[in-house]
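Topology and contacts: notes
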Amino acid sequence: MLALPSASNRTMMTAGTITFQEPEPDMCMVPCFTPGTTICTITGTRAIETLEVGDLLLTRDNGFKPIAWIGIKRVEGAQLAAHDEIQPICIPRGSLGDDCPNRDMMVSRQHRMLLTGVRADLLFGSNEVIVKAKDLVSQQGIHEARVEGVTYVHIMFDQHEIVLANEAWTEIDFPRRARNGPFRKLRLRADIFKITRGCCLISLRIWRAGQPIFALRTICPCL
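None of these values were measured; they are calculated from a predicted model.

Describing the overall build of the protein
A count of helices and strands for the protein gives two helices and 18 strands. Residues classed as buried in the protein amount to 41% of the 223 residues present. Total accessible area computed for the protein in this model is approximately 12000 Å², and 51% of it derives from carbon and sulfur atoms.

What follows is the structure in structure tokens.
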């Protein structure tokens, strides 16, 4: 028998996107963007909060790749004040190179940016290096952003990739815990059956790691 998830369920599922009602401790340590960050997609530049699972993003090494998973969490002032490790980092416009990024951006402390050329060589002794945002603090105006609240947005592909965000190359990590934790890819199936004139039955099922985790049947007017 199909049933709605219990009220104690801590996550809300919407077609491959997971919105955490309560920030998970591990999620606070995941590399994340914040709303307003623009991402290069096959249809042009889009704000990260408008992206959906399946959208094609430009990657540095493998062309356009589809998003496999999106996670969103909100962290409020009390949590930020109590845990410095979840304070976002502000990367000002041009701090990573000429007009790179092309506008100020905020990311989580663990988020890693790609540095290349002379600046990478001067700071880290390599022509190309991926660096955590927290390790760039005090360089070129990069600083910890003391905010009252922040929304973190994390996306994943089916492997490690580097994408263009605010015209700066940045890492999309694929953590090992994705195999067992809340990052496991979701599979969605929606069936629509016409049952009477003007009405239809919608059957929605979501699987994770081969196991059903959400099911819903509802009757609604046919469009």
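Quick word on the sheet that holds strand 12 (residues 143-144)
Where strands meet in a sheet, backbone hydrogen bonds hold them as pairs that are either parallel or antiparallel. In space, the three strands of this open sheet follow the order 9-8-12, with antiparallel pairing throughout. Pairing within the sheet leaves two strands with one partner each, and these edge strands are strand 9 (105-107) and strand 12. Of the strand pairs in this sheet, strand 8 (residues 89-91) and strand 9 are connected by three bridges, and their pairing is antiparallel. Note on strand 9: the bridge partner recorded for isoleucine 89 is valine 107.

Here we look at the confidence of the model for the protein
Of the residues in the protein, 64% reach a pLDDT of 70 or more, and the chain-wide mean stands at 75. The least confident element of the protein, judged by mean pLDDT, is strand 1 (residues 11-14) at 33; the most confident is strand 3 (residues 38-41) at 97. The model gives residues 1-28 a pLDDT under 50, and that stretch makes 60 contacts with residues more than four places away or in other chains. Here residues 176-184 is modelled with pLDDT under 50, and outside its nearest four sequence neighbours on either side it reaches 19 contacts, counting other chains as well.

Observations concerning the pairing of strand 3
Side chains of strand 3 alternate between two faces, with Thr38 and Cys40 and Ile39 and Thr41 buried alike. Here strand 3 pairs with strand 4 (residues 44-47) via four bridges, running antiparallel. Bridge assignment links cysteine 40 to a residue of strand 4, and that residue is threonine 45. Turn length for the strand 3-strand 4 hairpin, with the two strands adjacent in sequence and antiparallel, is two residues.

What about the nonpolar core?
Nonpolar side chains tend to gather and get buried jointly when the protein is soluble and globular. Within the largest apolar cluster, 27 residues are counted, with the highest numbers of intra-cluster contacts made by Phe33, Ile91, Leu96 and Ile155. When residues of this core are traced back to their parent elements, those giving at least two are strand 8, strand 9, strand 10 (112-116), strand 13 (149-156), strand 14 (161-165) and strand 15 (168-172). Grouped together as the second largest cluster of nonpolar side chains are six residues, Cys32, Val75, Ile86 and Tyr152 included.

So, the pattern of salt bridges
All told, the structure shown has seven salt bridges when counted by the stated rule. The salt bridge involving glutamate 76 is made with arginine 74; its shortest N-O contact spans 3.1 Å. The exposure class of arginine 74 is partly exposed, given its relative accessible area of 37%. Residues glutamate 144 and arginine 109 are paired through a salt bridge, measuring 2.4 Å at the closest nitrogen-oxygen approach. In this pair, glutamate 144 sits in strand 12 while arginine 109 sits in the loop between strand 9 and strand 10, placing the two residues 35 residues apart along the sequence. A relative accessible area of 24% means that glutamate 144 is categorised as partly exposed.

Thoughts on unusual backbone geometry
The omega angle of the peptide bond from cysteine 100 to proline 101 is -5°, so this bond is cis rather than trans. Along the chain, the position of proline 101 falls in the loop between strand 8 and strand 9. Phi angles above zero are rare outside glycine, and serine 138 is one such case at about 85°. For glutamine 140, which is not a glycine, the phi torsion comes out positive at approximately 55°. Along the chain, glutamine 140 falls in the loop between strand 11 (128-132) and strand 12.

Here we look at the environment of arginine 112
With respect to the element layout, arginine 112 can be found in strand 10. In this structure the C-alpha to C-alpha distance between arginine 112 and valine 131, which are 19 residues apart in sequence, comes to 4.9 Å. Among all residues touching arginine 112, those that are not within four sequence positions of it are Ile130, Val131, Lys132, Thr170 and Glu171. In this structure the side chain of arginine 112 is engaged in a polar contact, spanning 2.7 Å, whose partner is the side chain of glutamate 171.

Side note on the environment of proline 66
Residue position: proline 66 is located in strand 6 (residues 63-66). Along the primary structure proline 66 and glycine 54 are separated by 12 residues, whereas in three dimensions their C-alpha atoms are 4.8 Å apart. Sequence-distant contacts of proline 66, that is, excluding residues within four places in its chain, are made with Gly54, Asp55, Leu56 and Phe157.

What counts, and at which threshold
- Residues numbered from 1 in each chain as written.
- Predicted model: local features only at pLDDT ≥ 70, side-chain atom pairs only at ≥ 80, totals over all residues.
- Heavy atoms only, no water.
- Helix = DSSP H or I, 4+ residues; strand = E, 2+ residues; numbered from the N terminus.
- Buried < 20%, exposed > 50% of the residue type's maximum accessible area, 1.4 Å probe, protein only.
- Areas by Shrake-Rupley, 256 points an atom, 1.4 Å probe, with all protein chains shown as cover.
- Pairing = 2+ DSSP bridges.
- pLDDT = per-residue confidence, 0-100.
- Contact = heavy atoms within 4.5 Å.
- Core = buried A, V, L, I, M, F, W, Y, C linked by side-chain atoms within 4.5 Å.
- Salt bridge = Lys/Arg side-chain N within 4 Å of Asp/Glu carboxyl O.
- Polar contact = N/O pair within 3.5 Å; in protein donor to acceptor, adjacent residues only side chain to side chain.

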